[in-house]
Amino acid sequence: MRVAIISPIAWRTPPRHYGPWETVASLLTEGLVKEKIDVTLFATGDSLTSAKLRSICQAPYEEDKAIDPKVWECLHISEVMEQADEFDIIHNNYDFLPLTYSGLIKTPMVTTIHGFSSPKILPVYQKYNATTHYVSISDADRSSDLDYIRTVYHGIDISNFPFNENKGDYLLYFGRIHSDKGTWEAIQVAKMAKMKLVIAGLIQDRRYYEEYVQPYLNDDITYIGCVSPPEKDSVLSNAYALLHAINFNEPFGLSVVEAMACGTPVLAFGKGSMPEIIENGRNGFIVSNIEEMAQKVKDVENVSRKLCRETVIKRFSQEKMVKEYIEVYKEIVNK
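These numbers come from a predicted model, not from an experiment.

Participant: Can you help me understand the packing of helix H4 (residues 183–193) against helix H5 (residues 206–213) in this one?
Facilitator: Helix packing for two helices is described by the angle between their axes and how far apart those axes are. Closest axis-to-axis distance for the H4/H5 pair is 10 Å, and the angle between their directions is 20 degrees. Between H4 and H5, the angle falls in the class roughly parallel. As H4 runs across H5, the sense of the crossing is right-handed. For the pair H4 and H5, contact is made by Thr 183, Trp 184, Glu 185 and Ile 187 and by Tyr 208, Tyr 212 and Val 213, respectively. Along the lines of polarity and charge, the residues of the contact of H4 with H5 split into 5 nonpolar, 1 polar and 1 charged.

Participant: Would you take a moment to explain the nonpolar core for this structure?
Facilitator: One broad rule of soluble globular proteins: the nonpolar side chains tend to lie buried together. Membership of the largest hydrophobic core comes to 83 residues, with the highest contact counts inside it found for Ile 5, Leu 32, Leu 172, Leu 197, Ile 277 and Tyr 329. Considering every element that reaches this core, the biggest residue donor is helix H11 (residues 318–333), with 7 residues. Sequence-distant contacts of Ile 5, that is, excluding residues within four places in its chain, are made with Ala 25, Leu 28, Thr 29, Leu 32, Val 39, Thr 40, Leu 41, Phe 42, His 91, Asn 93 and Tyr 329. Of all hydrophobic cores here, the second largest spans 27 residues; its members include Cys 57, Leu 99, Ile 105 and Met 109.

Participant: Explain helix H6 (residues 229–237) here, please?
Facilitator: Along an α-helix, residues three or four positions apart point the same way, because every turn accommodates 3.6 residues. Listed as buried for H6 are Lys 232, Asp 233, Val 235, Leu 236 and Ser 237. Contact partners of the buried residues in H6: strand S8 (170–174), strand S9 (196–200), helix H7 (254–261) and helix H10 (305–315).

Participant: Which parts of the structure should I look at to understand helix H1 (residues 20–34)?
Facilitator: Spanning 15 residues, H1 covers 21 Å between terminal C-alpha atoms, matching the ideal 21 Å at 1.5 Å per step. Three or more residues of H1 are buried, namely Glu 22, Val 24, Ala 25, Ser 26, Leu 27, Leu 28, Thr 29, Glu 30, Gly 31 and Leu 32.

Participant: What am I meant to see in unusual backbone geometry here?
Facilitator: The omega torsion across Thr 13 and Pro 14 is -10 degrees, close enough to zero to call that bond cis. Mapped onto the elements of the fold, Pro 14 is located in the loop between strand S1 (2–6) and H1. If you check the backbone angles, Asp 95 has positive phi at about 70 degrees while not being a glycine. In this fold, Asp 95 is placed in the loop between strand S4 (89–92) and strand S5 (109–113). Backbone geometry at Lys 194 places phi at a positive 55 degrees, although glycine is not the residue there. With respect to the helices and strands, Lys 194 occurs in the loop between H4 and S9. The exposure class assigned to Lys 194 is exposed, which follows from its relative accessible area of 77%.

Participant: I would appreciate a short explanation of the sheet that holds S4 in the present structure.
Facilitator: Backbone hydrogen bonds hold the strands of a sheet together, and the pairing may be parallel or antiparallel. One open sheet accounts for 7 strands, arranged S3-S2-S1-S4-S5-S6-S7; its pairing is parallel. Single-partner strands in this sheet number two, and they are strand S3 (52–54) and strand S7 (150–151). As paired strands, S1 and S4 are joined by 4 bridges and run parallel to one another. Within the sheet, the bridge partner assigned to Ile 5 lies in S4 and is His 91.

Cut-offs and rules
Residues numbered from 1 in each chain as written. Predicted model: local features only at pLDDT ≥ 70, side-chain atom pairs only at ≥ 80, totals over all residues. Heavy atoms only, no water. Axes fitted to C-alpha atoms, helices over the stretch in contact; angles between N-to-C directions. Helix = DSSP H or I, 4+ residues; strand = E, 2+ residues; numbered from the N terminus. Parallel < 35°, antiparallel > 145°, perpendicular 65-115°, else oblique. Left-handed = near helix turned anticlockwise from the far one by under 90°. Contact = heavy atoms within 4.5 Å. Nonpolar A, V, L, I, M, F, W, Y, C, P; charged D, E, K, R; others polar. Core = buried A, V, L, I, M, F, W, Y, C linked by side-chain atoms within 4.5 Å. Buried < 20%, exposed > 50% of the residue type's maximum accessible area, 1.4 Å probe, protein only. Expected span 1.5 Å × (residues − 1). Pairing = 2+ DSSP bridges.

Below you can see the structure in the form of structure tokens.
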């Protein structure tokens, strides 16, 4: 089977720091190669892969501001479509834009919907609903206006996340610094629980950071920036618990699974996919507000860090994700 994987070009595949869609595209690509699938990855020219790499945009546009995103997105996607007949299936990890080419090619396309940035993009998905195939990354992130071939949860390379059976002495916030992700809420929880808080992540909203995060920074509440993979592993594995006080319906949440792979339990608001990932008392707790989250901090003592990791091995491994996508490909190709 010849598979084309379309990865975004906002960041390198895999990303140096931030880039969840690129992370998943990389994990899928490398996993497919291990399964002896003939894979071509369409990504930035500086991407790292054991598959065949094709690129038209040499650097990520988020790292090189001289690159016009709209221009190079068009060139990137057209590069795939103009070679579509070389492949048995095209796997789109680039949102809705590649769908607009799907009626012009004979190669079937499957699109992983990594989330809806706005209801305004739904008309594109609706137009191609009957002629392409959609995969959701959680049941919670499905639109009632669309049909789906399957839900496939993201998987991670568990070997990259060291297990630590010993509880750390700090709480962790890991994610974009943005109101959606609940940075301010995590700070309030840490203060109520009288525990240290480490904040790690990309500052996506500078004004939010300056007004709702920076004023609270001190010896107990620290911001360490956007960390690279080796530092990320250490920060995740040495934490007492991850605080995930989100203010939106999160489609999945890679950091939640990565934390659990290290043995770190997760305290999260029950929005979006969180009830599908977190089992109360087994790998963390679902709560409704910051007061309840602060109260549950003490109950983390009773959560088995070993069980947290076992949950990820069973449900959110790279191997499981790859196996399920291969099943999706075969179902589509054999129709």
